[in-house]
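# Examining the three-dimensional arrangement
Chain by chain, the residues:
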2 protein chains.
Amino acid sequence: MIEVLKVSSRSNPNAVAGALAGVVRSAGVVEIQVVGAGALNQAVKAVAIARGYLTPSGFDLICVPTFADIQIDGERRTAIRLLCENRASAGPTLDLRTTEAARVRAARAPLPDA
Amino acid sequence: MIEVLKVSSRSNPNAVAGALAGVVRSAGVVEIQVVGAGALNQAVKAVAIARGYLTPSGFDLICVPTFADIQIDGERRTAIRLLCENRASAGPTLDLRTTEAARVRAARAPLPDA
């Protein structure tokens, strides 16, 4: 089960970067979910910052953006998910993200915080 | 020399995705440069779309976000660059992106279109 960090436009990129780096160190992978340009901006800044935290440990943090259909207050929205992991990880997780099944699961996922 | 695509908030993600996939197929790597949340949003959507174009060819497109100091109309701005390439690429290019030299080069780069 991949941990999902939900990031909003009000999230602090440095704080998100710290959480991101912590989960990547312990679990090897984390997914960031955002809705909207402001939230995506904070998320991508967090990934850039987290790269700096992880590089000294030999992690080459990369991210893989995908779309996900989610529901917020009963309305369908398109979220963006950033799968973040070490480049060297062979990602079976990656294939999952691009299947229709993943999109269906995403649509059934709990409501995001932001 | 890595080709740089400058993406703005008015860029069409599908069109950017097509260009992105074309450059990755021919050169193996491309860099997207954006300033601002709206532009970043279009760029990340383009990467997600381009993954779909490239997966059938065996490319596992990943991106690496970094900051870059640039000048627009004489003012210093912080751009975000997304280095986009096949996951399997061993990236000497990646190391370059995180050095101070790269930041200095970025500051001296020509003015972006957006």
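What this report covers is the structure whose coordinates are included nearby. (Residues numbered from 1 in each chain as written. Chains lettered and ligands numbered in written order. Predicted model: local features only at pLDDT ≥ 70, side-chain atom pairs only at ≥ 80, totals over all residues. Heavy atoms only, no water.)

Moving on, we get to the side chain of Arg81 of chain A. Residues and elements named next belong to chain A. As for its placement among the helices and strands, Arg81 is situated in strand 4 (residues 75–86). Its relative accessible area of 9% is what places Arg81 among the buried residues. Among the polar contacts listed, one links the side chain of Arg81 to the side chain of Gln33, at a separation of 2.9 Å. (Helix = DSSP H or I, 4+ residues; strand = E, 2+ residues; numbered from the N terminus. Buried < 20%, exposed > 50% of the residue type's maximum accessible area, 1.4 Å probe, protein only. Polar contact = N/O pair within 3.5 Å; in protein donor to acceptor, adjacent residues only side chain to side chain.)

In this structure the tally under the stated criterion is 10 salt bridges over all chains. Notably, a salt bridge pairs Glu85 of chain A with Arg87 of chain B, separated by 2.8 Å at the nearest N-O pair. Here the residue Glu85 of chain A occupies a position in strand 4, and Arg87 of chain B occupies one in the loop between strand 4 (75–86) and helix 3 (92–97), the pair thus bridging two chains. Both residues of the pair, Glu85 of chain A and Arg87 of chain B, count as buried. Asp60 of chain B serves as the salt-bridge partner of Arg87 of chain B, at 3.0 Å between the closest nitrogen and oxygen. (Salt bridge = Lys/Arg side-chain N within 4 Å of Asp/Glu carboxyl O.)

This part covers helix 2 (residues 37–54) of chain A. Taking 1.5 Å of rise per residue, 18 residues should cover 26 Å, and helix 2 of chain A covers 26 Å from first to last C-alpha, within 8% of that figure. Along helix 2 of chain A, 13 of the 18 residues are buried, which leaves the element largely enclosed by surrounding structure. (Expected span 1.5 Å × (residues − 1).)

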